[in-house]
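The residues making up each chain are set out below.
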Amino acid sequence: MNPPDESGVEETGGSGAPAPEKIFLPPRAARAGVALERAMLFATWLVPVLERFPRSQRFLLGDRLQTLTLDIIEGLIEATYQKAPWDTLHRVNVLLEKQRVLCRLAYKLRHLDVRRYEFAARKLG
């Protein structure tokens, strides 16, 4: 494969066709992209876990955790496109703290086992 030129785009995609352009994000958007990717991975893990909650808690505690997760993702998307994202990022940080507390509650109520709680605690760190 040909090395990238000065613009960062490879000349061919290996099959002779032009390679897709690489996306270079400004530093703020790149940082938000990492946070957004991590939030998406956490959501992908969390949703199936919440489906295993007892029915009585799936619609209370589980729904609250899922709503917080989606609110965090939405906040990170908003912050990516703002010139001054600090207020939005502060709001997202508060949502993350709420999510940590609710995960701890789910563990104490034995809806999350030790292994899942430790995983969530590391990811929400």
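Predicted model only: the values in this text are computed from it and were never measured.

Novice: Can you walk me through the environment of Trp45 in this structure?
Specialist: You can see Trp45 is positioned in helix H1 (residues 27-50). Once the C-alpha coordinates of Trp45 and Arg116 are considered, the two residues, 71 residues apart in sequence, prove to be 9.8 Å apart.

Novice: Got a minute to help me understand the nonpolar core in this structure?
Specialist: One broad rule of soluble globular proteins: the nonpolar side chains tend to lie buried together. Phe53, Leu61, Leu65, Ile72 and Leu112 are the most contacted members of the largest nonpolar core, which has 22 residues in total. Looking at this core, the elements that each hand over two or more residues are H1, helix H2 (55-80), helix H3 (86-108) and helix H4 (114-124). Setting aside residues no more than four positions away along its own chain, Leu61 makes contact with Phe53, Leu102, Leu105, Ala106, Leu109 and His111.

Novice: Hey, could you run me through the packing of aromatic side chains in this one?
Specialist: In this description, a pair of aromatic rings is defined by centroid distance and the angle of the planes. The final tally for this structure, using the stated rule, is 3 aromatic pairs. Taking the centre distance of 5.5 Å and the plane angle of 40 degrees together, the rings of Phe42 and Trp45 count as tilted. Of this pair, Phe42 and Trp45 are both found in helix H1, 3 residues apart, which corresponds to roughly one turn of the helix. Assessed through its relative accessible area of 8%, Phe42 is described here as buried. Summarising the aromatic geometry, the rings of Trp45 and Phe119 are spaced 4.7 Å apart at their centres and angled 50 degrees between planes, so their arrangement reads as tilted.

Novice: Honestly, the side chain of Gln99 in this entry has me stumped. Any pointers?
Specialist: Along the chain, the position of Gln99 falls in helix H3. Given a relative accessible area of 2%, Gln99 falls into the buried group.

Novice: Where do I start with the side chain of Thr69 in this structure?
Specialist: Inspection of the secondary structure assignment puts Thr69 in helix H2. By relative accessible area, Thr69 is classed as buried at 5%. A polar side-chain atom of Thr69 sits 2.5 Å from a polar atom in the side chain of Gln99. Discounting residues that sit within four places of it in the chain, Thr69 has contacts with Phe42, Ala43, Leu46 and Gln99.

Novice: How should I be thinking about the pattern of salt bridges in this particular structure?
Specialist: Pairing between side chains of opposite charge can happen when the charged atoms of each approach one another. Here the structure, examined in full by the defined rule, presents 3 salt bridges. With a shortest N-O distance of 2.9 Å, Arg91 and Glu78 are connected by a salt bridge. Placement of the pair is Arg91 in helix H3 and Glu78 in helix H2, with a sequence separation of 13 residues. Taking the relative accessible area as the measure of exposure, Arg91 reaches 37% and is therefore partly exposed. With a relative accessible area of 37%, Glu78 lands in the partly exposed category. With a closest N to O distance of 3.2 Å, Arg116 and Asp113 form a salt bridge.

Novice: Teacher, can you tell me more about unusual backbone geometry here?
Specialist: Leaving glycine aside, a negative phi is the common case for residues, and trans is the common case for peptide bonds. The phi dihedral of Arg110 is positive, around 65 degrees, even though this residue is not glycine. Relative to the helices and strands, Arg110 resides in the loop between H3 and H4.

Conventions and cut-offs
- Within each chain, residues carry numbers counting from 1 in the order of the written sequence.
- Whole-chain, interface and lining totals are the exception, using all residues; otherwise, since this is a predicted model, local features are given only for residues with pLDDT of at least 70 and side-chain atom pairs are given and counted only at 80 or more.
- The side-chain figures draw on all heavy atoms in the structure; neither hydrogens nor water molecules are used.
- Secondary structure is summarised from DSSP: a helix means a run of H or I of at least four residues, a strand means a run of E of at least two, and numbering begins at the N terminus for each.
- Throughout this description, the term nonpolar core refers to a set of buried Ala, Val, Leu, Ile, Met, Phe, Trp, Tyr and Cys residues connected via side-chain atoms within 4.5 Å.
- For every residue, the accessible area obtained with a 1.4 Å probe (protein chains only) is divided by the maximum for its type, and the residue is called buried under 20%, exposed over 50%, and partly exposed between those limits.
- A contact between two residues is defined here by any heavy atoms of the two lying within 4.5 Å.
- Geometry of aromatic contacts follows a simple scheme: Phe, Tyr and Trp rings, the Trp one being its six-membered ring, pair when their centres are within 6.5 Å, and the pair is stacked under 30 degrees between planes, edge-to-face over 60, tilted otherwise.
- Here a polar contact is taken to be a pair of N or O atoms separated by no more than 3.5 Å, where protein atoms must pair a possible hydrogen donor with a possible acceptor and residues adjacent in sequence count only if both atoms sit in side chains.
- Between Lys or Arg on one side and Asp or Glu on the other, a salt bridge is scored when a side-chain nitrogen of the former is within 4 Å of a carboxyl oxygen of the latter.

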